[in-house]
Amino acid sequence: MSTTLWIVLGIVAVVVVIYFLTMRVFFRQSRDADKNIDMSKVREWKDED
């Protein structure tokens, strides 16, 4: 394979790894935020029917 193709594949691989690491951090922060919700202050869901 040509050098240009290897460079492009390397850049794509780095972008994919950075994306997954970022999503992992956001998922952890979201899970921690969900644990800190005070359910007594959340209003009950009412259907519009």
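Predicted model only: the values in this text are computed from it and were never measured.

S.K.: Tell me about the overall build of the protein chain, and please be specific about residues and values.
M.R.: Of the regular secondary structure elements, the protein chain holds one helix and zero strands. Along the three orthogonal principal directions, the C-alpha set of the protein chain runs to about 60 × 30 × 10 Å. Looking at the 49 residues of the protein chain, the share that counts as buried comes to 0%. For the protein chain, the exposed surface amounts to about 5300 Å²; the carbon and sulfur share of it is 64%. Separation of charge centres in the protein chain, based on 7 positive and 7 negative side chains, amounts to 12 Å.

S.K.: Describe a nonpolar patch on the surface, listing the residues and the values that go with them.
M.R.: Taken together, the side chains of V8, V12, V16, Y19, F20, M23, V25 and F26 define a hydrophobic patch exposed on the protein surface, amounting to about 740 Å² of accessible area. Locating V25 in the fold gives a position in helix α1 (residues 3-35). For V25, a relative accessible area of 44% puts it in the partly exposed group.

Quick notes on the rules
Residues numbered from 1 in each chain as written. Predicted model: local features only at pLDDT ≥ 70, side-chain atom pairs only at ≥ 80, totals over all residues. Heavy atoms only, no water. Helix = DSSP H or I, 4+ residues; strand = E, 2+ residues; numbered from the N terminus. Buried < 20%, exposed > 50% of the residue type's maximum accessible area, 1.4 Å probe, protein only. Areas by Shrake-Rupley, 256 points an atom, 1.4 Å probe, with all protein chains shown as cover. Lys, Arg positive; Asp, Glu negative; His and termini not counted. Charge placed at Lys NZ, Arg CZ, Asp CG, Glu CD. Patch = residues over 30% accessible without salt bridge, like charges linked within 9 Å, V, L, I, M, F, W, Y side chains within 5 Å. Salt bridge = Lys/Arg side-chain N within 4 Å of Asp/Glu carboxyl O.

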